[in-house]
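# Topology and contacts: notes
Spelled out from the first residue to the last, the chains are:
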Amino acid sequence: MTKFIIRRLIQTIPVLLGVTILVFSLMHLIPGDPAQIIAGESAPERQVEQIRERLGLNDPLHVQYGKFLGNIVTGDLGQSVRSSRPVADEIGTRFWVTVELAVYSTIVSVFLGLIAGIISAVRHYTVLDVVIMIVALFGLSMPNFWLGLMLIQYFSIGNWMPDWMSFMQMRASGWGDSWKQVVLPVITLGTAGAAIIARMTRSSMLEVIGQDYIRTARAKGVKERIVIYRHALKNALIPVVTVVGLEFGALLGGTVLTETIFAINGMGRLTIDAIRTRDFPVVQGTVLVISLLFVFVNLLVDISYRFLNKRIELD
Amino acid sequence: MAKKELLKVENLKQYFPIKGGFLGRTVNYVKAVDDISFTVYEGETVSIVGESGCGKSTTGRAILRLDEPTEGVVSFEGTDLTTLSRSEMRRKRKDLQIIFQDPYASINPRQIVSAVIEEAMHIQNAVPKEKRRERIEELLQTVGLQPYQADRYPHEFSGGQRQRIGIARALSVNPKLIICDEAVSALDVSIQAQVLNLLEELQDEFGLTYLFISHDLGVVRHISDRIIVMYLGKIMEISDKKSLFENPQHPYTKALLSAIPVPDPDKKKERIMLKGDVPSPIDPPTGCRFHTRCPYATEKCVTDVPELRTLPHMKEGHQASCHYIEEIHSGEMQPRDYSEKTKIKA
């Protein structure tokens, strides 16, 4: 097991290098002179030269990349052009907001998706199954910014639930009533995931339920509930876990719209603002952090496969 | 001979609905098993043979209520299994076990062997907890595996070994009846023999009763005491092994038996070739199910359903369902257009 994890960790190194190269080239893929763009169209040549010097743009590319990589490893992501604060600090305060949002949404979508999928599979081809699958199709097709707006319209403006208060604030003031702040954004983000997981669980479960060993379990006299959970679900989980991992990754990058709608000060907002104000170091930083997190989540998914299916170690 | 009835199947029917149309209504039924009755006595091996799709596996599953039978009575030691509640039936499963055809698909790939076997003992409470490990190792030895293999996963075993695991699992709760649903057909011939011999040894040792479902007449001949021949969901003939092989009465049984290869190149054998395919069980032929392919069929066969019956020239307990057993036996009736096309040199 440890060997498996170590090998899998080593395998992520090339991926990480690839990510850094892409992020690094962001700066150089911008048409024109980045220093000029950062300084602004009408900035005097002296100021542009200063920025160029500060960003090290006069060095040869490989030297620049080496410095960039070295800085990342030591946790230095550069300085925000706009606020002059270190990028790491800018991200640091917002990172957990987005991660928390993504984690809660994932928990909600896994919970709802699994239950709906299992019910659908066990009662397949009944009215209940058809209804669940139609609801899931809606959940999947609704753009989440629209869903978010509708939720605000009906629940928040109708004073049922406050739309949002920052997690930080919430933490400071204790939980109390503050769970309500999380509800709407989490529903907004979790709906599509729940729908995908429900559909995946259903098809995966249906496949397993048709297997001979399910019949064997029934012939042993195993209770139907245990047949479903111990024999069927455990075997059906691998594709579901894959989807959960991908969904979580997608959430990290996909909270932009939701954060905007609910005025949440998270990574998504930070990225959008940075792009709008051409704050390239911040853009680089956020893209890098989200990518690293994505790689890490996929690593976790791979390791969980190993727990679900002992045979995976063999290859 | 005072034989004790263990399993009595009466008028068993298994119809599977065919859903169709916009609203998914039932448009028709597959009549997989259509009104069959037979009895299995304690300690014997009864085989059900027939072509693919004749309803033999369905019969086995319907007896165990793995598919709920449409109609009929399945009495096991006097209790009607079809009227038991789900939980009563679960408890009854201790006495009725099944060994499945496919040793690869019928074991949960995520469970180690000891868990596979233990689960049955646990549910049925057949063996106290502290003794289960010991019992698992004992069972593995009984079926010719090693105790140290108990903690391995199914994929670490070969097909024959897996089938032995299936047998050990079935034996773990000390059942009275084991239904072997094509239990050896997925195995190599050499392994088949090993497993069959194992089954016979276990029968002697534990006093088991087998209902053996197979399409392989060679296997059936080896293991059975009595044989049931099925065709399109109906029983064509029931007999003890000897009279069935030496003195088949039903034209279908004769055709079936003529298909057994004889390991003698000089022996000229008349192979009865049946015309056409097995008709669909959705809309089975009227009268005798076999009349569309039977070389003796007459008008009567198209309209009247034949009953299982015994005639004076047949041994006691030997029954066949044909209107013309006597006429065919005496040679009074000859098969039609059997001449050039259908007689091949074997």
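All values reported here derive from a predicted model rather than from experimental measurement. (Residues numbered from 1 in each chain as written. Chains lettered and ligands numbered in written order. Predicted model: local features only at pLDDT ≥ 70, side-chain atom pairs only at ≥ 80, totals over all residues.)

### Here we look at the domain arrangement of chain B
Residue and element names in this part refer to chain B. Each assigned domain of chain B is listed here: domain 1 (5-20 + 28-224) and domain 2 (263-345). One C-alpha centre belongs to domain 1, the other to domain 2, and the line joining them spans 32 Å. Contact residues are listed per partner, giving seven residues for domain 1 and four residues for domain 2. With four residues, the single largest contributor to the side of domain 1 that touches domain 2 is strand E2 (residues 25-41). (Domains from an automatic or database assignment. Contact = placed C-beta atoms within 7 Å. Helix = DSSP H or I, 4+ residues; strand = E, 2+ residues; numbered from the N terminus.)

### Here's the deal with the sheet that holds strand E7 (residues 177-181) of chain B
Strand pairing in a sheet relies on backbone hydrogen bonds. The paired strands run either parallel or antiparallel. All names here are of chain B. If you trace the seven strands from one edge of the open sheet to the other, you get E6-E7-E8-E3-E9-E10-E12, paired in mixed fashion. With partners counted over all chains shown, the strands left at the sheet margins are strand E6 (96-99) and strand E12 (319-320), one partner each. With five bridges joining them, E7 and strand E8 (residues 209-214) adopt parallel strand pairing. Counterpart to Ile178 in the pairing with E8 is Tyr210. (Pairing = 2+ DSSP bridges.)

### Topic: unusual backbone geometry
Note on backbone geometry: most residues besides glycine have negative phi, and most peptide bonds are trans. Residue and element names in this part refer to chain B. Positive phi values are uncommon outside glycine, yet Asp35 reaches one of about 65°. By the secondary structure assignment, Asp35 is in strand E2. Judged by the 15 C-beta atoms lying within 10 Å of it, Asp35 falls in the partly exposed class. Look at Arg65: it is not a glycine, yet its phi comes out positive at around 55°. (Buried ≥ 20, exposed ≤ 12 C-beta atoms within 10 Å, placed from the backbone.)

### Considering the interface of chain B and chain A
If you look at the interface, chain B gives 20 residues, while chain A gives 18 residues. Of all the secondary structure elements, the ones that give two or more residues to the side of chain B that touches chain A are E6 and helix H3 (113-124) of chain B. The greatest single-element share of the side of chain B that touches chain A, amounting to four residues, is contributed by H3 of chain B. Each residue belonging to the side of chain B that touches chain A can be placed in one class, and the counts come to nine nonpolar, five polar and six charged. (Nonpolar A, V, L, I, M, F, W, Y, C, P; charged D, E, K, R; others polar.)

### Details of the environment of Asp89 of chain A
Residue and element names in this part refer to chain A. Its place among the elements puts Asp89 in helix H5 (residues 87-122). For Asp89, a count of 13 C-beta atoms within 10 Å corresponds to the partly exposed category. Here the alpha-carbon distance between Asp89 and Asp76, two residues 13 residues apart in the chain, equals 9.7 Å.

### Thoughts on the packing of helix H10 (residues 212-220) of chain A against helix H11 (residues 224-254) of chain A
All names here are of chain A. Relative orientation of the contacting elements H10 and H11 amounts to 145°, with a least axis distance of 10 Å. Note that H10 runs across H11; the crossing there is right-handed. Contacts between H10 and H11 involve Tyr213, Ile214, Ala217 and Arg218 from the former and Val227, His231 and Ala232 from the latter. Counted by class, the contact of H10 with H11 contains five nonpolar, one polar and one charged residues. (Axes fitted to C-alpha atoms, helices over the stretch in contact; angles between N-to-C directions. Left-handed = near helix turned anticlockwise from the far one by under 90°.)

### Section: the pairing of E8 of chain B
Residues and elements named next belong to chain B. Judged by how many residues are buried, E8 sits mostly within the fold: six of six residues are covered. Relative to E8, strand E3 (residues 45-49) runs parallel, the two being bridged by five bridges. Opposite Val49, over in E8, you have Ser214 as the bridge partner. On the question of chirality, the crossover connecting E7 to the parallel E8 by way of helix H6 (residues 189-206) is right-handed. (Right-handed = clockwise from strand over helix to strand, strands pointing away.)

### Details of the packing of H5 of chain A against H11 of chain A
Residues and elements named next belong to chain A. Two elements in contact, H5 and H11, have axes separated by 10 Å at closest approach and are oriented at 145°. Relative to H11, H5 is oriented so that their crossing is right-handed. Within the contact between the two elements, H5 uses Thr98, Ala102, Ser105, Thr106, Ser109, Val110, Ile118 and Val122 and H11 uses Ile228, Leu233, Val244, Glu247, Phe248, Leu251 and Leu252. A per-class count over the contact of H5 with H11 returns ten nonpolar, four polar and one charged.

### Here's the deal with the sheet that holds strand E4 (residues 71-76) of chain B
Judged by pairing direction, the sheet is antiparallel, and its four strands sit side by side in the order E2-E1-E4-E5 (chain B) without closing on themselves. Here the strands that pair on one side only, and so sit at the sheet edges, are E2 and strand E5 (79-80) of chain B.

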